[in-house]
Amino acid sequence: MALVSVDYKVFGLVQGVFFRKFTREAANKYGLVGWVRNERDDTVTGVVQGPVDKVTVMKTWLEKEGSPRCKITKCEFSNERRIERLEFAKFTIQKHCVHSEAFTMHHFSKCFQFETLAAIQAYF
């Protein structure tokens, strides 16, 4: 069975409308693994992995369906590649604050309620 991994970014009204919850449910329905998270630019990003035919169905779901209250304007896919084995055990909703690529000390202190850089350094 050929496996594939693809990154996605969904634009439109996709935050505050249970998009991540419905994405996880759809991925589980199709037997896929990966993750989904909200981004600071009001998009939703993630990775989906599984059999090629199921990932294709999920890509269509991300482009056209989404959660009942969302309004998808576009969906971009990138880094599509064949994989030997799944890189995730299940499909999860990631917390924006901890997993963001644009993570800064400011965001860290907001997430963990540290007041200063010194307090963060003292903690670790």
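Note: the structure precedes this text.
Conventions we followed
Residues numbered from 1 in each chain as written. Predicted model: local features only at pLDDT ≥ 70, side-chain atom pairs only at ≥ 80, totals over all residues. Heavy atoms only, no water. Helix = DSSP H or I, 4+ residues; strand = E, 2+ residues; numbered from the N terminus. Buried < 20%, exposed > 50% of the residue type's maximum accessible area, 1.4 Å probe, protein only. Contact = heavy atoms within 4.5 Å. Areas by Shrake-Rupley, 256 points an atom, 1.4 Å probe, with all protein chains shown as cover. Polar contact = N/O pair within 3.5 Å; in protein donor to acceptor, adjacent residues only side chain to side chain. Core = buried A, V, L, I, M, F, W, Y, C linked by side-chain atoms within 4.5 Å. Pairing = 2+ DSSP bridges. Axes fitted to C-alpha atoms, helices over the stretch in contact; angles between N-to-C directions. Expected span 1.5 Å × (residues − 1).

Asker: An account of the overall build of the chain is needed here, citing residue identities and associated values.
Answerer: When helices and strands are counted, the chain shows 5 helices and 5 strands. Along the chain, from the amino end to the carboxyl end, the secondary structure elements read β-α-β-β-α-β-β-α-α-α. Every one of the 124 residues in the chain was classed for burial, and the buried ones make up 41%. Restricting to contacts in the chain with at least 6 residues of sequence separation, those with at least 24 account for 74%. Summed over its atoms, the accessible surface of the chain is roughly 7,600 Å², and 53% of this surface lies on carbon and sulfur atoms.

Asker: So, the side chain of Gln49: which residues are in play, and what are the values?
Answerer: Structurally, Gln49 can be placed in strand E3 (residues 44-51). A residue is classified by how much of its surface remains accessible, and Gln49, at 0% relative accessible area, is buried. A polar contact of 3.1 Å, which involves the side chain of Gln49, links it to the side chain of Ser5. There is a polar contact of 2.6 Å between the side chain of Gln49 and the side chain of Glu87. Not counting chain neighbours up to four residues away, the residues in contact with Gln49 comprise Val4, Ser5, Leu32, Val33, Val55, Arg81, Ile83, Leu86, Glu87 and Phe88.

Asker: Provide a residue-level description of the environment of Val47, including the pertinent values.
Answerer: Along the polypeptide, Val47 turns up in strand E3. With relative accessibility at 9%, the residue Val47 sits in the buried group. Sequence-distant contacts of Val47, that is, excluding residues within four places in its chain, are made with Ser5, Val6, Asp7, Tyr8, Val33, Gly34, Trp35, Phe88 and Phe91.

Asker: How would you sum up the nonpolar core? Please name residues and give values.
Answerer: As a rule of thumb, nonpolar side chains are buried together in soluble globular proteins. Counting 21 residues, the largest nonpolar core has Tyr8, Phe19, Val48, Met58 and Leu62 as the members making the most contacts within it. Every element with two or more residues in this core is listed here: strand E1 (3-13), helix H1 (19-30), E3 and helix H2 (52-65). Apart from residues no more than four positions distant in its own chain, Phe19 is found in contact with Val10, Val14, Val44, Trp61, Leu62, Gly66, Ser67, Cys70 and Ile72.

Asker: Could you give me a rundown of the sheet that holds strand E4 (residues 71-83), with the residues and numbers involved?
Answerer: Strand-to-strand pairing in sheets goes through backbone hydrogen bonds, with the strands running parallel or antiparallel. Taking strand neighbours across the sheet as the criterion, the 5 strands line up as E4-E1-E3-E2-E5 in an open arrangement whose pairing is mixed. Unpaired on one side and paired on the other, E4 and strand E5 (91-93) mark the two borders of the sheet. On average, adjacent strands in this sheet sit at an angle of 15 degrees to one another, irrespective of strand direction. Inspection of the sheet shows strand E2 (residues 33-38) paired to E5 by 3 bridges, in the parallel sense. Across the sheet, the residue bridging to Trp35 is Thr92, located in E5. The sheet strands contacting H1 are E1, E2, E3, E4 and E5, and the helix crosses E5 at an angle near 175 degrees. Packed on one face of the sheet, H2 meets E1, E3 and E4 and runs near 160 degrees to E4.

Asker: Quick rundown of H1? Include the residues and the values.
Answerer: For an α-helix the count is 3.6 residues per turn, leaving residues at separations of three or four pointing the same way. The end-to-end C-alpha distance of H1, which contains 12 residues, comes to 16 Å, matching closely the 16 Å that a straight helix rising 1.5 Å per residue would cover. Next to the buried residues of H1 lie E1, E2, E3, H2, E4 and E5.

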